[in-house]
Each structure stands twice: as C-alpha cells, then as structure tokens.
Amino acid sequence: MQAYLLSQQFNTRPLAENSTACPANATICNGTSCVLPEDNFNETLSVVLSTVLTIMLALVMFSMGCNVEVQKFWGHIKRPWGIFVGFLCQFGIMPLTAFLLSLAFNVLPIQAVVVLIMGCCPGGTASNVIAYWVDGDMDLSISMTTCSTLLAMGMMPLCLFIYTKMWTDANAIVLPYNSIGISLVALIVPVSVGIYVNHKWPRKAKIILKVGSIVGAILIVLIAVVGGILYKGSWIISPKLWIIGTIFPAAGYCLGFFLARLAGLSWNRCRTVSLETGMQNTQLCSTIVQLSFTPAQLELMFTFPLIYSIFQLLFALLILGGYRIYRRHRAKTKTDIEKTEQKEDSKSTSSHANINGGFVANEGK
C-alpha cells in the first residue's frame, strides 16, 4: 500500500549508467534506482502562460478602445443598419458555419467546441488595418469591432448553448460557462478605458494603438511557442482541423460580403463587413480556451485558433492584393478613357476649325 502511494506521488527514474550517486532532490535511493518528486514544471508554466495571456489580451483590447472615436461611434449607433448587418454576419453566419463544418467533418465534441468558440468570437483588430488598405469604411469597421466585442458577452454563451446542445445533452462535454463569462466581462474594462483615453488624449492613443498591434502579434507567437512546450500532443493535428481552418475564414469573408451586398450596402462597406466577418479575435479565443479547459482537453483543441489565424491572415492578404490589382487596372482604364476623350475632342475641334476658315479659338490665353 505504501509503495502504491509513493508511485502516485513520485516518479521512479533509473540512475545514469556511470552514476553512483542519487540526485540531490531524491527522497529514496535503492541500488540503481531512486524516487524523485513529481515534476511540476508544466503546471507552473501553464499558470504563467494563463497570466501572461490575460495581461497581454487586456493590452490588446485597451489599444482597440484607443481606436474608437466617441462621436463617430455614436453616429453609427444612431444609424445602425451597417452594424446590424455586421451583427447578423458575426453572430448569425459564423456560429452556424462553425456548427455545419463540425458536423460535416465529424470532429470530436471538444474540437467542435473550439471551432464554435472561434465562430462566436468578436471581430479582431487586424480587420481595421486591412479595411484601411482596401479603402473600406473605417468608422464602420471600428464600430463593428467594438460592438461585436461588447455584444459577445451575451451572444457567445447563447450561441454556444444553442449549438453545443447535441454534445452537452449526451454528456460528451461540459462547457465552463463561468470561465468564459468572466473572460468576456473582463474585456469591458480595458476597452472602456481605451475609449476614454482616445477621447481625452488622442495623440497618446495613436501611440498606444501601434504598441497594441505589436503586442497582438507577439501574443500569437507566444501562444504558439509556449503552447507547443506545454501541449506537445496538440501538434499532432488532425487533417480535419486543417481543412476546417482553411474553409472557415474563406466562408466568413465570402458570406459576409454577399450578405452586405444583399442588404444594399455600398461596395466599400461590403468589403468592410466581409473583413469584419472573416477576421476573428483569435487572441481572445486562445485565452478563453487556455483558461477554461483541462490540459487533456487542450491537447485536442489548442492549435485550432493558431490554424485559423494563419489562414484568415493569408486570405486577407489575398483580398488586399486582389483589390490593389483591381484598383490599379481601373485607374489605367480610366486614364485611357480620358485620353481617348481628349483625342476625340481635339479632332472635333480641328474639323470645326477647318469648316470655319482655319480659325481656332485659344481659350487658354
């Protein structure tokens, strides 16, 4: 009985072949083997990662608040058609798409949960940057990101409750709504402070915004590196998750664009809604997953937010490149049309001059 208890609390390791002494931290030494205390390195690292993720996410959300101008934001609230279309895309199309993809590829229940959490996440701050480069409606982009972040507090738990019912009823998984709710409510404070800072000190807010974008990029890398150390089994990724991670953001971009166009929004607003729909807050998803699930569950689900972030950025860059090529081609076509019209005007002027005895009026003088 005593040996059994020891085996539960300690790890028995053989000594090295050429070693004759037990390690300093050994509790029992017998011949060529000794009993060592259990290594708590992974547990400590997990706590550190959770703390760092929470702090860095708060900084990212604080910087997002620094991008919100109260007057413009309030203007979109008064005329909410664009935000309403974005709301339908964010919390209608994306969770439904996540649910259908999970069913179509028959993934494990815990993997379906992480796909759904990603689908229920609010828009990411990177969408504001890409929207700027594709000549989107920046006020609408920022307003949609802010509103979706605030509305996620109620919509994310609601969507998860609806779409995970088939798995929770079968007791396949138990969703930690408390942890998810606390993570979402905690976002209000940094976003609100950021909005206040931008209202009072707009110049400083711009600097904070740049720092926040850098922190966001570091956050993704940090999650990948430390998560790879903690959850080594998570890098044995199911091909199904790779396929879902590829299809999901592409579907979000396309469906968001078509719904916005169907609602009668202008082309630049359609591009904005498309980006806001497809680009999710992957940092938030990773943080919620890290804080809400056990290490055994994380082995199966931890890498999906990273897969999604890779492909959402890749497709966003393709959209940006395609739009830039289109705009350049359109500018050349417009120039050619203007040159043709000028030539036709000069020809008509010349023929008119011949008819009138060769006199040409020089209006420039």
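What counts and how
- Residues numbered from 1 in each chain as written.
- Predicted model: local features only at pLDDT ≥ 70, side-chain atom pairs only at ≥ 80, totals over all residues.
- Heavy atoms only, no water.
- UniProt positions renumbered as here; feature names shortened; annotations may be inferred.
- Helix = DSSP H or I, 4+ residues; strand = E, 2+ residues; numbered from the N terminus.
- Buried < 20%, exposed > 50% of the residue type's maximum accessible area, 1.4 Å probe, protein only.
- Contact = heavy atoms within 4.5 Å.
- Areas by Shrake-Rupley, 256 points an atom, 1.4 Å probe, with all protein chains shown as cover.
- Arc of directions from axis to C-beta.
- Expected span 1.5 Å × (residues − 1).
- Bend = angle between axes of the 7 residues up to and from the residue.
- Salt bridge = Lys/Arg side-chain N within 4 Å of Asp/Glu carboxyl O.
- Axes fitted to C-alpha atoms, helices over the stretch in contact; angles between N-to-C directions.
- Parallel < 35°, antiparallel > 145°, perpendicular 65-115°, else oblique.
- Nonpolar A, V, L, I, M, F, W, Y, C, P; charged D, E, K, R; others polar.
- pLDDT = per-residue confidence, 0-100.

The protein carries the name Ileal sodium/bile acid cotransporter in an unreviewed UniProt entry, which gives Eolophus roseicapilla as its organism. Per UniProt, the comment on the protein under Sequence similarities (unreviewed entry) is "Belongs to the bile acid:sodium symporter (BASS) (TC 2.A.28) family." Recorded in UniProt for the protein, the comment headed Subunit (unreviewed entry) runs: "Monomer and homodimer."

1. A look at the overall build of the protein
Secondary structure assignment for the protein yields 16 helices and three strands. The buried share among the 365 residues of the protein stands at 42%. Residue pairs in contact within the protein that sit at least 24 positions apart in sequence constitute 80% of those at least 6 positions apart. Looking at the protein as shown, the accessible area adds up to about 20000 Å², and 65% of this sits on carbon and sulfur atoms.

2. A closer look at the environment of Met 61
Within the element layout of this structure, Met 61 appears in helix α2 (residues 41-65). Each C-alpha atom, one on Met 61 and one on Thr 149, is 9.2 Å from the other, the two residues being 88 residues apart in sequence.

3. Here we look at helix α3 (residues 70-78)
Within the sequence span of α3, burial applies to Phe 73, Gly 75 and His 76. Burial along α3 is one-sided: seen end-on, the buried residues are contained in an arc of 155 degrees. Counted as exposed and oriented over 90 degrees from the buried face of α3: Gln 71 and Lys 78. Here the buried face of α3 lies against α4 (81-105), α7 (138-163) and α13 (267-278).

4. Here we look at α4
The periodicity of an α-helix, 3.6 residues per turn, causes residues three or four positions apart to be oriented the same way. An ideal rise of 1.5 Å per residue puts 36 Å on 25 residues; α4 measures up with 35 Å between its terminal C-alpha atoms. Along α4, the sharpest change in direction is near 25 degrees and occurs at Cys 89.

5. Examining the UniProt feature "transmembrane region" (unreviewed entry) in the protein
Under the present numbering, the feature "transmembrane region" (unreviewed entry) in UniProt falls on residues 45-68, 80-104, 110-134, 141-163, 175-197, 209-230, 242-263 and 306-326. Between the C-alpha atoms that bound residues 175-197 the distance is 36 Å, and the span itself is 83% helix and 0% strand.

6. Looking at the pattern of salt bridges
Within this structure, the stated rule accounts for two salt bridges. Here Asp 137 ties to Arg 269 by a salt bridge, and the two come within 2.9 Å at their closest N and O atoms. Remark: Arg 269 occurs in helix α13 and Asp 137 occurs in the loop between α6 (126-133) and α7; sequence separation between them is 132 residues. By relative accessible area, Arg 269 is classed as partly exposed at 26%.

7. A short note on the packing of α3 against α7
Put simply, α3 and α7 touch, their axes get as near as 9 Å, and they point 80 degrees apart. By the angle class used here, α3 and α7 are roughly perpendicular. When α3 is examined against α7, the residues Lys 72, Phe 73, His 76 and Ile 77 are found in contact with a partner set consisting of Asp 139, Leu 140, Ser 143, Thr 146 and Cys 147. Residue classes in the contact of α3 with α7 are distributed as four nonpolar, three polar and two charged.

8. So, the confidence of the model for the protein
Taken as a whole, the protein shows an average pLDDT of 76; of its residues, 72% reach a score of 70 or greater. Confidence, expressed as mean pLDDT per element, reaches its minimum in the protein at helix α1 (residues 2-9) with 42 and its maximum at helix α12 (residues 239-262) with 93. Across residues 1-19 the pLDDT falls below 50, and counting only partners more than four positions away or on other chains, this stretch makes 28 contacts in the model. Low pLDDT (under 50) marks residues 355-365, which in the prediction has four contacts with non-local residues, meaning those over four places away or in another chain.

9. Description of the side chain of Ser 127
Note that Ser 127 resides in helix α6. The class of Ser 127 is buried, set by a relative accessible area of 0%.

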